[in-house]
Amino acid sequence: KANSFMRVTQEWLEYKKGKLNERTHKNYESYCQRYLYEPLGSMPISEIKSIDITKIMNTVEGRLYEDLRVVLNSVFKYALANGMLTHNPMLLIPFKKAERNNRRALTKAEKKKLFERLEMPEFNEYKLPFMIMYYFGLRPCELEDSHFEGDFLVARNAKRKGGKIEYKKIPIH
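Description of the structure in this document. (Residues numbered from 1 in each chain as written. Predicted model: local features only at pLDDT ≥ 70, side-chain atom pairs only at ≥ 80, totals over all residues. Heavy atoms only, no water.)

**Some details on the pairing of strand E3 (residues 167-171)**
Within a regular beta strand, the side chains point alternately toward one face of the sheet and then the other, so they alternate between its two faces. What you see with E3 is a clean split: Lys168 and Ile170 sit on the buried side and Tyr167, Lys169 and Pro171 on the side with no burial. One ladder, built from five bridges, connects strand E2 (residues 152-156) with E3; its direction is antiparallel. Along E3, the bridge assignment pairs Ala155 with Lys168. (Buried < 20%, exposed > 50% of the residue type's maximum accessible area, 1.4 Å probe, protein only. Helix = DSSP H or I, 4+ residues; strand = E, 2+ residues; numbered from the N terminus. Pairing = 2+ DSSP bridges.)

Following this line, the structure appears as structure tokens:
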């Protein structure tokens, strides 16, 4: 169908390709397939009501709720901007921020155990990456493409939105 929810969503996903982080884009595609296409896919986007969305949103929670709401809101905004809708049914769907668990620093005992294990022969290949991540606060994905420039370890910062590229430059003397 020309303006079915599925077709409009696929068009929006195509529009967002290259504008979103590749992993985020893949997650959004997966969310659509797993949670949205079955209940909404064949419906004309203009006939979807807040109650239809609420039924879906009541089945999820936490970060998944946040992400589904972002996808749905974006799809409906896209449809609105392209003249397919006269209203956005997401206006009545509340944003619920998922609870985050903050990480904690390792205790002295945990640090001791970590360093003892890293000295064991079977963990030898992990020693340097773990030490760099521990002492310089790098994420595993940042370590993959890091490199040295003189006395600096340079790594791309993974936590930047909108495809913005920023690097961490860590002095190592």
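**Considering the nonpolar core**
Ranked by internal contacts, the top residues of the largest apolar core, which has 28 residues, are Phe5, Leu36, Ile45, Ile53, Val71, Leu72 and Phe76. Of the residues forming this core, the biggest block, eight residues, is contributed by helix H4 (residues 62-81). Listed in part, the seven residues of the second largest apolar core include Ile132, Met133, Ala155 and Ile170. (Core = buried A, V, L, I, M, F, W, Y, C linked by side-chain atoms within 4.5 Å.)

**Considering the sheet that holds E2**
In spatial order, the strands read E1-E2-E3; together these three strands make up an open sheet with antiparallel pairing. Here the strands that pair on one side only, and so sit at the sheet edges, are strand E1 (147-149) and E3. Each adjacent strand pair in this sheet contributes to an overall mean axis angle of 35°, direction not counted. With three bridges joining them, E1 and E2 adopt antiparallel strand pairing. Bridge pairing links Phe148 to Leu153 in E2. (Axes fitted to C-alpha atoms, helices over the stretch in contact; angles between N-to-C directions.)

**Section: the packing of aromatic side chains**
This structure, assessed with the given rule, holds seven aromatic pairs. Both rings, one in Trp12 and one in Tyr28, keep their centres 6.1 Å apart while their planes meet at 25°; by these two values the pair is stacked. Here Tyr28 lies in helix H2 (residues 22-40) and Trp12 lies in helix H1 (residues 5-16), a separation of 16 residues in the sequence. With relative accessibility at 11%, the residue Tyr28 sits in the buried group. Their ring planes at 85° and their centres at 5.0 Å tell us that Tyr134 and Tyr135 sit as a pair that is edge-to-face. Since its relative accessible area comes to 31%, Tyr134 is described here as partly exposed. (Phe/Tyr/Trp six-rings, centres within 6.5 Å; stacked < 30°, edge-to-face > 60°.)

**Looking at H2**
The largest bend along H2 reaches roughly 40° and is located at Gln33. Along H2, the residues that are buried comprise His25, Tyr28, Tyr31, Cys32, Leu36, Tyr37 and Leu40. Against the buried residues of H2 lie H1, helix H3 (50-57) and H4. Its side-chain oxygen 2.8 Å from the backbone nitrogen of Arg23, Asn21 forms the N-cap of H2. (Bend = angle between axes of the 7 residues up to and from the residue. Contact = heavy atoms within 4.5 Å. Polar contact = N/O pair within 3.5 Å; in protein donor to acceptor, adjacent residues only side chain to side chain.)

**Structural notes on a positive patch on the surface**
Together, Arg23, Arg63, Lys97, Arg103, Lys159 and Lys161 make up a positively charged patch on the protein surface. Position of Arg103 relative to the elements: it lies in the loop between H4 and helix H5 (108-118). On the accessibility criterion, Arg103 (81% relative accessible area) is exposed. (Patch = residues over 30% accessible without salt bridge, like charges linked within 9 Å, V, L, I, M, F, W, Y side chains within 5 Å. Areas by Shrake-Rupley, 256 points an atom, 1.4 Å probe, with all protein chains shown as cover. Salt bridge = Lys/Arg side-chain N within 4 Å of Asp/Glu carboxyl O. Lys, Arg positive; Asp, Glu negative; His and termini not counted. Charge placed at Lys NZ, Arg CZ, Asp CG, Glu CD.)

**Overview of the environment of Ala79**
If you trace the backbone, Ala79 turns up in helix H4. Relative accessible area serves as the criterion here: at 0%, Ala79 is assigned to the buried category. Considered as a pair, Ala79 and Trp12 are 67 residues apart in the sequence and their alpha carbons are 8.4 Å apart. Those residues within four positions of Ala79 in sequence are excluded, and the remaining contacts are Val8, Ile45, Met84 and Leu85.

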